[in-house]
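Here is what each chain is made of, one letter per residue.
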Amino acid sequence: MNRYLSFFLWLFFLVGCTSSPKKAPIKAYKPSGGILFAERFQIEYKEGVKLITIDKPWQGSKEPIKYLLYKDSIPNVFVDDNSYVKIKVPVRTIVCNLTTQLALMEELGVSDRLIGFAQTQFIYSPAFIEKVDNGIVKEVGPDGSLDIESILNLNPDIVLAFSSGNENRQLEKLRELGVNVVMNAGYMETTVLGRYEWIKFLGHLTGTEDIATRIFDEKVIAYDSLAQLVKGKEGPAVITGTLYGGTWFMPAGDNYGANILAAAGGNYLWKEDQSTGWLSMDFESVFEQGYDADYWIGVASYSSLGQLLESDARYAEFEAFKKGNVYAYMARVNENGANDYFESGNVNPDKLLADLIKILHPELLPDYELYYYMKLE
């Protein structure tokens, strides 16, 4: 995968946006079918239908989008209410432009419902790659541009989409042509459990909400158990990010990237910052505060220390580099350059946390092997 594209995918994946996040749980988890961690969507039950509201469905959006999910018929009280996008469920055919949804579909057992995907070269899942190769899943968006004609020809029940803002014109055109576009704002959640909880959203769309709740409960319990291991542990100092175009991007102190490092028992050196976006800094500022950090975790798509050093010789001045404590999320990359970190990472919060605990406190998980991360040599 192009390193610069990978960098921006990393920003979407790693960095939350503007809302105040809910902290990772530290007490015993109690299963519930309600929405517990996600902040971008809510579900209400009324007149025998489900009403789902997505708050700020893309970065910079000001208005929520509301969906009405019905099975047999729309109640009279809602028939003339145009404030809702009305969708008959369960949906049977889906076009999608977000790789994280592929992992969710596999977990829910609804992989066969995907009929179109944007930029199929970024798919990691062998099962979905086979579907693409066999023509079961069609390419509908080369180079990140949704192909309206191809989508119309597929006639999906829904287009499940995320938008960074660039795709809005195309998505609006699809709506005008009568296509049910369902926005997914999971990537904007600021906690890993909030991001994963969007499995419930897909569950309600596909009629697998009970399965979604069960799987979610199981993984949150596993996540909680791991978080308990590091409770009270002194955290080693951590830096993250790299330079891009002369600017060092890193998570702000109160976003997803910082929160999961804290949950893993790390002392993120910019944790005092209370914003939830990302910090843009120059090399000198990062070096001044983080030159002697114990660990450097998350260095975009670099796969070796030599490769990292080739991009900027100054990286060798960091103590974490000198000690070889540099880690990248490159352990699961296929021959096409697709990275499973961007596909199933949000679907496996327990594995993400376990990876970070293994890096920062290896004695706590002696038999565990890193899943998404790798130590650069």
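## Description of the confidence of the model for the protein chain
- Across the protein chain, pLDDT averages 89, with 90% of residues at or above 70.
- Under a pLDDT of 50 for its full length, residues 14-29 has, in the predicted model, 71 contacts with residues more than four places off or in other chains.

## Some points on helix 10 (residues 256-263)
- Among the eight residues of helix 10, seven are classified as buried, and the element is accordingly described as predominantly covered.
- For helix 10, every residue scored as buried is listed here: Y256, G257, A258, N259, I260, L261 and A263.
- N-cap assignment for helix 10: the residue whose side-chain oxygen lies 3.0 Å from the backbone N of G257 is N255.
- At the C-terminal side of helix 10, G265 shows a positive phi close to 80°.

## Regarding helix 3 (residues 100-108)
- Among the nine residues of helix 3, seven are classified as buried, and the element is accordingly described as predominantly covered.
- Regarding helix 3, the residues found buried are T100, Q101, L102, A103, L104, M105 and L108.
- In the stretch just after helix 3, G109 is the one whose phi turns positive, near 75°.

## Things to note about the sheet that holds strand 10 (residues 237-239)
- Across the sheet, five strands lie side by side as 13-10-15-16-17; this open sheet has mixed pairing. With one partner strand each, in any of the chains shown, strand 13 (267-268) and strand 17 (374-375) form the two edges of the open sheet.
- Across two bridges, strand 15 (residues 295-297) lies against strand 16 (residues 326-328) in parallel orientation. Pairing of W296 across the sheet is with V326, part of strand 16.

## Quick notes on unusual backbone geometry
- A cis geometry characterises the amide bond from V89 onward to P90, with omega recorded as 0°.
- Checked against the element boundaries, P90 lands in the loop between strand 4 (85-88) and strand 5 (94-96).
- In the Ramachandran plot, K56 falls in the positive-phi region, its phi being about 45° despite a non-glycine side chain.
- As for its placement among the helices and strands, K56 is situated in the loop between strand 2 (49-54) and strand 3 (65-70).
- The phi angle at A300 is positive, at roughly 55°, despite the residue not being glycine.
- Mapped onto the elements of the fold, A300 is located in the loop between strand 15 and helix 12 (305-311).

## Quick notes on the environment of V110
- Among the secondary structure elements, V110 is positioned in the loop between helix 3 and strand 6 (114-117).
- V110 gets classed as buried once you look at its relative accessible area, which sits at 1%.
- Put simply, V110 and G203 are 93 residues apart on the chain and 9.5 Å apart in space, counted from C-alpha to C-alpha.
- Here V110 is in contact with M105, T206 and T208, once residues within four sequence places are set aside.

## Points about empty space enclosed by the protein
- If you walk through the whole model with that rule in mind, you get three cavities of 30 Å³ or more.
- The calculated volume of the second largest cavity comes to roughly 70 Å³.
- Sorting the residues of the lining of the second largest cavity by element identifies helix 3 and helix 7 (192-196) as the ones contributing at least two each.
- The leading source of residues in the lining of the second largest cavity is helix 3, at three residues.
- The class makeup of the residues in the lining of the second largest cavity is five nonpolar, five polar and one charged.

Reading the values: the criteria
Residue indices begin from 1 for each chain and proceed along its sequence in written order. Under the rules for a predicted model, residues below a pLDDT of 70 receive no local features and side-chain atom pairs below 80 are neither given nor counted, while totals for whole chains, interfaces and linings still include all residues. Only hydrogens and water are removed before side-chain values are computed, so all heavy atoms of the structure are retained for them. Scored between 0 and 100, pLDDT is the confidence that the predictor attaches to each residue. A contact between two residues is defined here by any heavy atoms of the two lying within 4.5 Å. A 1.4 Å probe rolled over the protein chains alone gives each residue an accessible area, and that area as a share of the maximum for its type sets the label: buried under 20%, exposed over 50%, partly exposed in between. In DSSP terms, a helix is any run of H or I states spanning at least four residues, a strand is any run of E spanning at least two, and both are numbered starting from the N terminus. Each polar contact in these results corresponds to two N or O atoms within 3.5 Å; when the atoms are within protein, one needs to be able to donate a hydrogen and the other to accept it, and residues that are neighboring in sequence are counted only if both atoms are side-chain atoms. Strands were regarded as paired on the criterion that DSSP finds at least two bridges between them. Cavities and pockets are found on a 1 Å grid laid over the protein atoms alone: a cavity is a set of points where a 1.4 Å probe fits but cannot escape, a pocket is an open set with protein on both sides within 12 Å along at least five of seven lines, and a lining residue has an atom within 4 Å of such a point. Grid points are joined across faces, edges and corners, and a volume is the space filled by probe spheres set on the points. Amino acids outside the nonpolar list (Ala, Val, Leu, Ile, Met, Phe, Trp, Tyr, Cys, Pro) and the charged list (Asp, Glu, Lys, Arg) are all regarded as polar, and Gly is one of them.

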